[in-house]
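An overview of the molecular structure
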Amino acid sequence: MASLKMEGPFRLNAETIDEKVNRISPGNYVIGRRNESGTFLFKRIGRANSDLNSKLKSWVSKTTKPLFKFRYSSSAREAFAVECAIYHDFAKDERVEHPKRPDSTNWRCPRCGFYK
Ligand SMILES: [Zn+2]
């Protein structure tokens, strides 16, 4: 299983995304904020099947949460598996929906077999 280790958190704005996510690559992200004691809390998890940089930028105007973390993945399939792992390890109780596979694939969640 790929490492879940992510870089960040960083400010969710176009300049910072270009500075930190400077490869065109599939990958994973979480978006959130810090609480009063400084702990990072995330509200969204997601993945990019091909271009993490542009996927993150698409969130800039759609969320009030100011921070993101990310990791690159070697393939869209790895990004899907990592998103599933993040979901099962950290997000299942946060009213986050189970990740969905890309429409053109027959992938199943490596943890629970979910597919949709
Ligand atoms: Zn699952």
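For the structure itself, consult the block above.
A brief report on the enclosed structure follows. Since the model is a prediction, treat every value here as computed from it, not as a measurement. (Residues numbered from 1 in each chain as written. Predicted model: local features only at pLDDT ≥ 70, side-chain atom pairs only at ≥ 80, totals over all residues. Heavy atoms only, no water.)

**Side note on the sheet that holds strand E4 (residues 67–72)**
Pairing is antiparallel across the open sheet formed by four strands, whose spatial order is E1-E4-E2-E3. Both outer strands of the open sheet, strand E1 (7–11) and strand E3 (40–48), are each paired with one neighbouring strand and no more. Within this sheet the neighbouring strands show an average axis-to-axis angle of 25°, counted without direction. Judged from the six bridges that link them, strand E2 (residues 27–34) and E4 form a sheet pairing that is antiparallel. If you follow Tyr29 over to E4, its bridge partner there is Phe70. Along the sheet face, helix H2 (residues 52–59) touches E2, E3 and E4 and points at about 30° away from the line of E2. Helix H3 (residues 76–91) rests against E2, E3 and E4 of the sheet, and its axis sits at about 155° to E3. (Pairing = 2+ DSSP bridges. Helix = DSSP H or I, 4+ residues; strand = E, 2+ residues; numbered from the N terminus. Axes fitted to C-alpha atoms, helices over the stretch in contact; angles between N-to-C directions. Contact = heavy atoms within 4.5 Å.)

**A few points about the environment of Asn106**
Tracing the backbone through its elements, the reader meets Asn106 in the segment after H3. Spatially, the C-alpha atoms of Asn106 and Asp18 are 32 Å apart, while their sequence positions differ by 88 residues.

**So, the pairing of E2**
With six of its eight residues buried, E2 lies for the most part within the structure. Hairpin geometry of E2 and E3 is characterised by an intervening segment of five residues between the two adjacent antiparallel strands and by a positive phi of about 95° at Gly38. (Buried < 20%, exposed > 50% of the residue type's maximum accessible area, 1.4 Å probe, protein only.)

**A word on unusual backbone geometry**
A cis geometry characterises the amide bond from Gly8 onward to Pro9, with omega recorded as 5°. By the element assignment, Pro9 lies in strand E1.

**A look at the layout of surface pockets**
Taken as a whole, the largest pocket encloses approximately 210 Å³ of empty space. Going through the elements one at a time, E3 and H2 are the ones with two or more residues in the lining of the largest pocket. Looking at the lining of the largest pocket, its residues break down into five nonpolar, two polar and five charged. Contributing to the lining of the second largest pocket are Leu4, Met6, Val30, Phe40, Phe42, Lys69, Ile86 and Phe90. Residues of the lining of the second largest pocket, tallied by class, amount to seven nonpolar, no polar and one charged. (1 Å grid on protein atoms, 1.4 Å probe; cavity = no way out; pocket = protein on both sides within 12 Å on 5 of 7 lines; lining within 4 Å. Points joined across faces, edges and corners; volume = space filled by probe spheres on them. Nonpolar A, V, L, I, M, F, W, Y, C, P; charged D, E, K, R; others polar.)

**Topic: H3**
The element H3 is largely enclosed, with a buried count of 12 among its 16 residues. The set of residues buried in H3 consists of Ala76, Ala79, Phe80, Ala81, Val82, Glu83, Cys84, Ala85, Ile86, Tyr87, His88 and Ala91.

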